[in-house]
Every structure is written in structure tokens, then in C-alpha cells.
Amino acid sequence: MIDTFVRLGDAFATLTTWQMLFHAAWATLLGIAVGSLPGLTATMGVALLTTLTYALPRDAAIMVLICMYVGAIYGGSRSAILLNIPGTPASAATTLDGFPLAKQGRAAYAMSVATTGSSLGTLIGIAMLVALAPALSNLALKFGSFEYFWLAVFGVVISGQLTAGNAPVKGYIAGILGLTVAMVGSEGLHAYVRFSFGFSELNGGIGLIPAMVGAFGFAEVLMVMWQPKGAVVRSQREKGAGLPRFRETWKYRVTVLRSGIIGTFVGLIPGVGEDIGAWASYAAAKRASKEKDQYGKGSIEGLTAAETGNSAVVPGALIPALTLAVPGSAPAAVLIAALFIHGIRPGPMIMIEQPDFIYSVAVMLLFATVAIFAFGISLAPVFEFVLRIPRERLMPVVFALCVIGPYALTQRIFDIWVMVFFGIFGFALRRLGYPMAPLVLGIILGDLLDKNLRRGLTLSDGDLSPFFTRPLCMVFVALIAFTILASIPTIRKNTSFIAGSLLRLGKDT
Amino acid sequence: MRADLYTAPLLFLLGAAMAYGGWTMDRLEIRQIHPASIPGLVPMLLGVSLAIASVVLFIQARAQVAANAVSDMPEQATGSRRDMIVAALLCCIYALGLIGRLPFPAATGLFVTAFIIAFEAHRDMSRAQLVKVCIIGAGLGIAVAATISVLFRYAFLVRLP
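(A) Just the overall build of chain A, in detail. When helices and strands are tallied, chain A shows 23 helices and two strands. A compact globule built from 509 residues would reach a C-alpha radius of gyration of about 23 Å, and chain A, at 22 Å, matches this within 12%. C-alpha atoms of chain A, sized along the principal axes, occupy 75 × 70 × 50 Å. Across the 509 residues of chain A, 61% fall into the buried class. If you take every contact in chain A between residues at least 6 apart in sequence, the share linking residues at least 24 apart comes to 79%.

Encoded structure:
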């Protein structure tokens, strides 16, 4: 315990320099602006900014990306409240109570509630990151090839299940397509080149950054141009409305704590992300609330739950990203790629190779939290102005960055083609109702799954039993089977009927 | 949704192709690798999984169509298809056509200007308004092209395409 605080103190002392504070400030501001604008998501922001941080020192680059991530997730609440359009998918639940408050002329008040909720959510997530990450890292050291294979399968299955709404099969298909993309290029055991179709550029595989910039950048540009424009609700200047909402926070302290914990745990689940964190927190808060009838009409509690929940996912998503190299959300997937670019190897060895890095990340998240709190309270009118930038002027700039960003990493025109392909492919998949998170997770986890399945089979001389009999493998297999069975409507209906009957029986006796 | 009835067979074909590709992939016997570690193993499994998932998708979509419970598109169908197609065309011409043929600043300036004019200029505008839109488009095009080019060329030391 004391060791943890000493390490946190060391990280704080190391990172508290004028340069780092400057990086935290501009990156968070940019993140809030990106998140505010409908169509510019946190994933796109982190992916594009990754291409701008090649030249920065390691800690500064990671700080910039984390601040962009935290800022963008928070920034989404601005357009959710003022436009009734979530700036990022993470803020979809915020629109339910944020926009009704804005229509009542209390937009500034709603934004300050969102700011306080987001800041507290991130703080709860940071506390859990510091508490859980080293323990998870120690557990991960016990993982062998067999467990890693199931971890990859579990990631794709659970992400597909939770992000595809009422059609989990589409989530699974998106995940399989992601894994298929990861099969292209030289494989990890024998360096055999698969599915290159004679293109030498494909020998090294498909780069994650061009694919992500395409799927989240170009595809978003097309989505924004497709969707109708939103109209900004003007906030009235109530006296003191923009001040921090500590009284409300204290009143709803249980909701804040519950939402923070739910958000962090949702973040821990591979590839699920902030939107599910917000919805889960919102649903839990509504179920436990004494003022259920206010939900959807401008409930302060509902707004607090949604914003605390989505912001707590950010540190939560970084826990598996740092300790297992399995992203908890789509922006965390880009962050993993950025960590590799800057010479950090996320995974179980991180606590051995770079034991202080997790504490540095906690301090970076803390800086980002302070920045969103300060900017959120003081610069609310500026972000209202940002929302008024016409999409016709913003989108060509975004696309120009989508083109030059992936090119800058390898200086190959081929990566621009990859970006365009994934943009059109991603747009088509979205229009057809396929979620993007399992696709991205599949691209990230493909190599892990492929190498560990074949390595495990080699170790066991072709025997499949270790994949099912080792203790951790049994847990993963049970979880995967449960997840897939729960997605079958007949089984889900029957199990809920049986559970309901048992519950009634219990009450009667 | 109805489109699933058409995408499911395509996905099945992709799955079958993956499985076939994995099956016929070099098994590297010449290197005497363990037979369980052949490079085609995972593509084969993925191909089969994709084919099974596409069959489930097709069955579900057909059941929904039979129950008349399908929507044509998952999101709001009120978007502008024209705007999206024009944007996609302009972006593809810029990324696949202009980049590499023109210097990056010129290509970017042209693209930004064309994009703004394409979406902000309308037939019912007066000549003065059209000139204003063109000036704004050209001004922003030059500013964006210069800023991005200078940033990447001199700050990040990237040799621009």
C-alpha cells in the first residue's frame, strides 16, 4: 500500500513539469473539441493524434493521447446536451436527460453537472486502475499459450455480444472479419506470408493505424455527411449555473460511486467501451432511484450516472490494455498501437519491465481529469462556439489529416489506400448494423489467437485437452459458452422464465 | 434487416474461400514443422466460423422478413445520400488520384476548396454569394494545405507525398 503511494508520488514528481502540463492542457482542450463535434469520435481523435506524436518523447506522447481520450469522452456531453446528438457514442445516454435540461433553459447547469460527474467518474476509475492493474498483471503472468488463446476468443465473443444490440451474430461476424484481417501478412511462428495476393506491401500485414484511421476517420466523415445537421440549443446565462455541482454530487453520492464502479468494470471487459458503460450505469441508477419518473425529463441523477459511467470506463479500459495488451475499448486499441510505437510493450511483463509505467498512466489520467474539470467549468461558451463550425468546412480538414496521418508513419502511399478501403468498408458495415469495436478487437487479437493456438497445440503435441482442463481455461470456456448461449433468443427466454419461476417459488416459501 | 438476406450469402462465400485458402495453404513439410502448427489452421477455423455465422444471420433475417419485422436501415433513413456520395467521390479522388501525382500542398488545397464549394454553393445563390463561397473555399484551402504541410514537413520531418 505504502509502496503504491510512493510510486504514485514518484510518477507525479517526474511528470509535473511545465512541458508536461502544457501538453496535458492543449491535448485535453483538443480532445474536448473533438468529442464535442458530432462525428469526431474519441477513437478517431486518438488515432489521428497518434500520427502527430511520433516526434514527441515517450511520456509526452502518451500523456497527449490519454488527455485526448479523456477529453473526447467528456466532450461528447456538450453536443449531447446542446444538440441532442451525442458527440461520441459514449454520450448517447447523456442526451436522455441532458437535452431536456437544455430545452428548459438549463444547458449551462447541465454541462456543469456533466463536468463534475465526468471528473469524479475518471477519479474512481483511476483509483481502481491503481488497485487492480498490478494484481491483474500478476495473474496474467500465470497465463500460458492455452489461456491466451481463450482470452483472445473471449475478447472477440464478449465484445461482439455486448456491442451489437439485439443482433449478437453481427457482432460475432464483425469480430471474425477483424481476425480475418489480422491473418494477412507474415504469420508469427514460421514467418509464412498468408493472403498477400502478390502485393509485397501486404507481407508485413495490414497496419493498425491506417485501418483504424479509415474505419473511424474516413467512415465518420461519410457518416457525418450522410446524417442531417443538428441545431444548437442556446444556453441561457443563469447566475452561477456554470459553477461546479458539489451539492448535487453529495446528494447523489451513491449513484456516483455505483456508476464509477460499473463504468470501470465495463471498461475491464475487452472491446466493450464507454457507451455500454454509460448505459449500464444509467440503467442501474434508474432501477435504484427514488425519482424514477424524472428520468428522461431532465433528471440530474440520470445525467450524473451517464457521465460518471462513461468517464470511468476510460481508466477501466486501460487496465486490460496495459496488463494483457487486450484493449477494453476502441480508443484503448489505438493506444496499444501507440505504446508499441513509443517503445512500451503492454502485457503481463509490464510490471516487471516497466513497473512504474502504470503509475505514470494514473498520474496522466489525473492531469487529464483536472484539465477537463478546469476547462469544462471555465470554457463552456467556447465549446458552444466550436459546435457551430459547419461540417462542410470541418470534414475536409479531418479527411486531409486521415490521409497524411497514416502516410507519416511508414511514408508509403499504400497505407493511404488501406485507409480508404477501411473507410468505405467501415461505413458499409455500419450502415448494415455491424459494430466496429469487435472488428478492431479482432485485428488486435488476431495475432495473439493465431500464435497461441498453434503454439499450444505444438506444446501439447496436437492434444486439445489442455485447452479445456487447465483451471483458467475452464473459466474462460465456461464464460464463452455462457455468452454464446445467452445470445440465443430461445435459451435466453427459457432461462429468464426458469429464473422468474424460481424467484416466485422462493418468495412463496 | 432485409439487406442481411444479401450480405449473408456473400459472407458465406468469404468464409468458404477462407477455409479453402487455409486448407490449400503450404503446410511447410519441407521445414518439418509440427503438423498442428500449419499456417492455414486458423484461417480454416475462421472460415468455418464465418460460414456458420452467416447461415445463422440468413436464418434470422429470413425469419424477420417472414414476420414483417424488418427495417431497411438500422439508423435514421433521413440522411442525404447525395451529400454522402459527393463526399465519398471527392475524398477518393483526393486520396487515390491526386496524392502522389500532385505535390501534397497543391492536392490538399484543391481538395479542401472543392469540398467547401461543392457543399456550400447552391444554384439559387446570387453571383456575389457564389464568389464569396469560392473565396472562403480557396482561402481555407490554402490555409489548411499550408498548415498541415508545414506541420508535417518541418515539425514531424515527414517527406510529403
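What follows continues from the structure just given.
(B) Structural context of the overall build of chain B. When helices and strands are tallied, chain B shows five helices and zero strands. Secondary structure elements of chain B, listed N to C terminal, follow the sequence α-α-α-α-α. Reported as C-alpha extents along the three principal axes, the dimensions of chain B are approximately 70 × 55 × 20 Å. Residues counted as buried form 29% of the 161 residues belonging to chain B. Considering only residue pairs separated by 6 or more positions, chain B has 67% of its internal contacts joining residues 24 or more positions apart.

(C) Here's a closer look at the domain arrangement of chain B. Domain annotation for chain B reports domain 1 (4–66) and domain 2 (81–155). Taking the mean C-alpha position of each, domain 1 of chain B and domain 2 of chain B sit 42 Å from one another.

(D) Representation of the confidence of the model for chain B. Residue and element names in this part refer to chain B. Residues with a pLDDT of 70 or more make up 93% of chain B, whose mean pLDDT is 89. Element-level pLDDT for chain B is lowest in helix α5 (residues 127–155), with a mean of 91, against a maximum mean of 95 in helix α1 (residues 4–23). Taken over the whole predicted complex, pTM reads 0.83, whereas the ipTM for its chain interfaces reads 0.91.

(E) Summary view of helix α7 (residues 145–163) of chain A. Residues and elements named next belong to chain A. Look at α7: 27 Å from first C-alpha to last across 19 residues, which is about the 27 Å you get at 1.5 Å a residue. For α7, a buried count of 18 out of 19 residues is recorded, marking the element as mostly surrounded by other parts of the structure. Once α7 ends, the next one or two residues include glycine 165, with phi positive near 65 degrees.

(F) Examining helix α6 (residues 107–140) of chain A more closely. Approximately 35 degrees is the largest bend angle found in α6(A), and it occurs at Leu132(A), with the proline Pro134(A) only one to four residues beyond. Along α6(A), 26 of the 34 residues are buried, which leaves the element largely enclosed by surrounding structure.

(G) Spotlight on the interface of chain B and chain A. In this assembly, 58 residues from chain B lie in contact with 50 residues from chain A. Per element, the largest residue contribution to the side of chain B that touches chain A is ten residues, and it comes from helix α2 (residues 41–66) of chain B. Partitioned by chemical class, the residues of the side of chain B that touches chain A number 42 nonpolar, eleven polar and five charged.

(H) Examining the domain arrangement of chain A more closely. With domains assigned, chain A is organised as domain 1 (2–143 + 212–393) and domain 2 (460–509). Using only C-alpha atoms to locate each centre, domain 1 of chain A and domain 2 of chain A end up separated by 33 Å.

(I) Representation of the nonpolar core. All names here are of chain A. Residues Leu65, Ile66, Cys67, Tyr69, Ile173 and Val440 are the most contacted members of the largest nonpolar core, which totals 221 residues. Considering each element in turn, this core owes the most residues, 17 residues, to helix α4 (residues 58–82). Among all residues touching valine 440, those that are not within four sequence positions of it are Gly178, Met212, Ala215, Ala330 and Ala333.

(J) Quick peek at unusual backbone geometry. In the Ramachandran plot, Ala325(A) falls in the positive-phi region, its phi being about 60 degrees despite a non-glycine side chain. Relative to the helices and strands, Ala325(A) resides in the loop between α13 (300–323) and α14 (330–341). Owing to 22 C-beta atoms within 10 Å, Ala325(A) belongs among the buried residues under this scheme. You will see that Gln32(B), though not glycine, has its phi angle at about 55 degrees, which is positive. Along the chain, Gln32(B) turns up in the loop between α1 and α2.

(K) Examining the environment of Gly185(A) more closely. Residues and elements named next belong to chain A. Inspection of the secondary structure puts glycine 185 in strand β1 (residues 185–186). With 16 residues separating them along the chain, glycine 185 and glutamate 201 place their C-alpha atoms 8.9 Å apart. Excluding residues that lie within four positions of it along the chain, glycine 185 makes contacts with Val193, Arg194, Ser196, Leu202, Asn203, Gly204, Gly205 and Ile206.

(L) Representation of the environment of Ser281(A) within the structure. Residues and elements named next belong to chain A. Mapping serine 281 onto the fold places it in helix α12 (residues 274–288). Since 33 C-beta atoms lie within 10 Å of it, serine 281 is described here as buried. Between the C-alpha atoms of serine 281 and alanine 486, which are 205 residues apart in sequence, the distance is 21 Å.

(M) Broad picture of the packing of helix α9 (residues 208–226) of chain A against helix α20 (residues 437–459) of chain A. Residues and elements named next belong to chain A. α20 packs onto α9 with a crossing angle of 175 degrees between their chain directions and a minimal axis gap of 11 Å. The orientation of α9 with respect to α20, classified from their angle, is roughly antiparallel. Of the residues in α20, those in contact with Leu208, Ala211, Met212 and Ala215 of α9 are Leu439, Val440, Ile443 and Ile444.

(N) Examining the packing of helix α18 (residues 391–410) of chain A against α5(B) more closely. Axis separation between α18(A) and α5(B) bottoms out at 11 Å; the angle between their running directions is 25 degrees. Considering their axes alone, α18(A) and α5(B) lie roughly parallel with respect to each other. α5(B) is crossed by α18(A), and the crossing has right-handed handedness. Together, Arg393(A), Val397(A), Ala400(A), Leu401(A), Ile404(A) and Ala408(A) of α18(A) and Leu140(B), Val144(B), Ile148(B) and Phe152(B) of α5(B) make up the contact between the two elements. Classifying every residue of the contact of α18(A) with α5(B) gives nine nonpolar, no polar and one charged.

(O) How the structure looks around the environment of Thr41(A). Residue and element names in this part refer to chain A. In this fold, threonine 41 is placed in the loop between α2 (18–36) and α3 (42–52). Each C-alpha atom, one on threonine 41 and one on glycine 260, is 22 Å from the other, the two residues being 219 residues apart in sequence. For threonine 41, the contacting residues outside a window of four places in its chain are Thr88, Pro89, Phe216 and Glu220.

How each quantity is defined
Within every chain, residues take consecutive numbers counted from 1 along the sequence as written. In the order they appear in the text, chains get letters beginning with A and ligands get numbers beginning with 1. pLDDT decides what is reported in this predicted model: residues at 70 or higher carry local features, side-chain atom pairs at 80 or more are listed and counted, and totals for whole chains, interfaces and linings draw on all residues regardless. The numbering of helices and of strands both runs from the N terminus, where a helix is a DSSP run of H or I of at least 4 residues and a strand a run of E of at least 2. Only the C-alpha atoms count toward the radius of gyration. The rule for a globule is 2.2 Å times the residue count to the power 0.38. Exposure is read from a count of other C-beta atoms within 10 Å of each residue's own; the residue is exposed at 12 or fewer, buried at 20 or more and partly exposed in between. C-beta atoms are placed from the backbone. In this description, a residue-residue contact is defined by the distance between C-beta atoms placed from the backbone, which must lie within 7 Å. Throughout, the edges of the domains are those of an automatic or database domain assignment. pLDDT is a residue-level measure of predictor confidence that goes from 0 to 100. Between the first and last residue of a helix there are one fewer steps than residues, each counted as 1.5 Å, and that sum is the expected span. Two axes enter the bend calculation: one fitted to the seven residues ending at the residue in question, the other to the seven starting there, and the bend is the angle between them. Throughout this entry, Asp, Glu, Lys and Arg are counted as charged residues, while Ala, Val, Leu, Ile, Met, Phe, Trp, Tyr, Cys and Pro are counted as nonpolar. The remaining residues, Gly among them, count as polar. A set of buried Ala, Val, Leu, Ile, Met, Phe, Trp, Tyr and Cys residues, joined to one another through C-beta atoms within 7 Å, is what we call a nonpolar core. Axis definition: a line fitted to C-alpha atoms, limited for helices to the stretch in contact. Angles are taken between N-to-C directions and run from 0 to 180 degrees. Angular relationships are summarised with four words: roughly parallel below 35 degrees, roughly antiparallel beyond 145, roughly perpendicular across 65 to 115, and oblique for the angles in between. Take the far helix as the reference: if the near one is turned anticlockwise from it by less than a right angle, the crossing is left-handed, and if turned clockwise, right-handed.

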